[in-house]
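Structure assessment
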Amino acid sequence: MSKYLLVGLGNIGNEYANTRHNIGFDVVHAFVMKHGGMFKPDRLANMAEVKWKGKVFICICPTTYMNLSGRAFKYWMDKEKVPLVHTLTVVDDLSLPLDKIRLRAAGSHGGHYGLRDIQNILGTDAYPKLRFGIGNSFPKGMQADFVLGKWYKEEIPVVKYKISKSVEIIESFATIGLDRTMSEVNNLSFLPV
């Protein structure tokens, strides 16, 4: 049975719930809910195990805070013996507009502290990432407030639509593979009809 590690990046605590920076948590929670899983507190993360189409998904939302996400990633990858190519890290991305999602086999952290920590601990940037565009409509010097802020009311329909599409992308990644999924989704505009 193939095993996958699904890592949602975010921060624990009610003050971070439903913020742009926690979209990784939101996507992984949506995947687990769709497939009837339940999260439980475990080592360095809240963890759920999901079985779907002959595959096992170890789904984690690290409890280490964003900037130390690498410890949880490495612990669960090693513990569950998941090959790096079967991991998928879901993360917010300021450099992508709100209607975009990018799936990548590798790539720099782009200044994202969660990705930077994972890269430092793994010693490589060659691990798959699902980058959820959050846009960058903030005044100069207000990036942290924007990233840690709640979605604007007018953004919520797009965000909900993209979360459900991200769940489908995760399923596609595990069934038809990274390359085919990338070619199908990376140039799409994800706006609800």
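Residue numbering note: each chain is counted from 1, following its sequence as written. Owing to the predicted nature of the model, reporting of local features is limited to residues with pLDDT of at least 70; listing and counting of side-chain atom pairs is limited to 80 or more, with chain, interface and lining totals taken over all residues. Each side-chain value is worked out from all heavy atoms of the structure, with water and hydrogens disregarded.

A word on the pattern of salt bridges. Salt bridge, as used here: a side-chain nitrogen of Lys or Arg that lies within 4 Å of a carboxyl oxygen of Asp or Glu. According to the stated counting rule, one finds nine salt bridges in the structure shown. Between arginine 131 and aspartate 93 there is a salt bridge, and its shortest N-O distance comes to 3.2 Å. Residue arginine 131 is located in strand E7 (residues 129–133), and its partner aspartate 93 is located in strand E5 (residues 87–93); the two are separated by 38 residues in the primary sequence. Only protein chains enter the area calculation, which uses a 1.4 Å probe; residues under 20% of their type maximum are buried, those over 50% are exposed, and those in between are partly exposed. A residue is classified by how much of its surface remains accessible, and arginine 131, at 11% relative accessible area, is buried. When its relative accessible area of 9% is taken as the criterion, aspartate 93 is described as buried. Across the pair lysine 165 and glutamate 168 runs a salt bridge whose closest N-O atoms are separated by 3.3 Å. With lysine 165 and glutamate 168 both in helix H5 (residues 156–175) and three residues apart, this pair spans about one turn of that helix. Using a relative accessible area of 22% as the deciding quantity, one classes lysine 165 as partly exposed. On the accessibility criterion, glutamate 168 (38% relative accessible area) is partly exposed. Each of Lys3, Lys79 and Glu80 takes part in one network of salt bridges that share partners. Each helix is a run of DSSP H or I of at least 4 residues and each strand a run of E of at least 2, with the numbering of both proceeding from the N terminus.

Bringing the pairing of strand E3 (residues 45–52) into the picture now. Two strands pair if DSSP finds at least two bridges between them. One ladder, built from three bridges, connects strand E2 (residues 40–42) with E3; its direction is antiparallel. Bridged to aspartate 42 within E3 is alanine 45. Turn length for the E2-E3 hairpin, with the two strands adjacent in sequence and antiparallel, is two residues, and the turn residue leucine 44 shows positive phi of about 65 degrees. Across eight bridges, E3 lies against strand E4 (residues 55–62) in antiparallel orientation. Within the sheet, the bridge partner assigned to asparagine 46 lies in E4 and is cysteine 61.

Everything listed is a geometric property; what it means functionally is a separate question.
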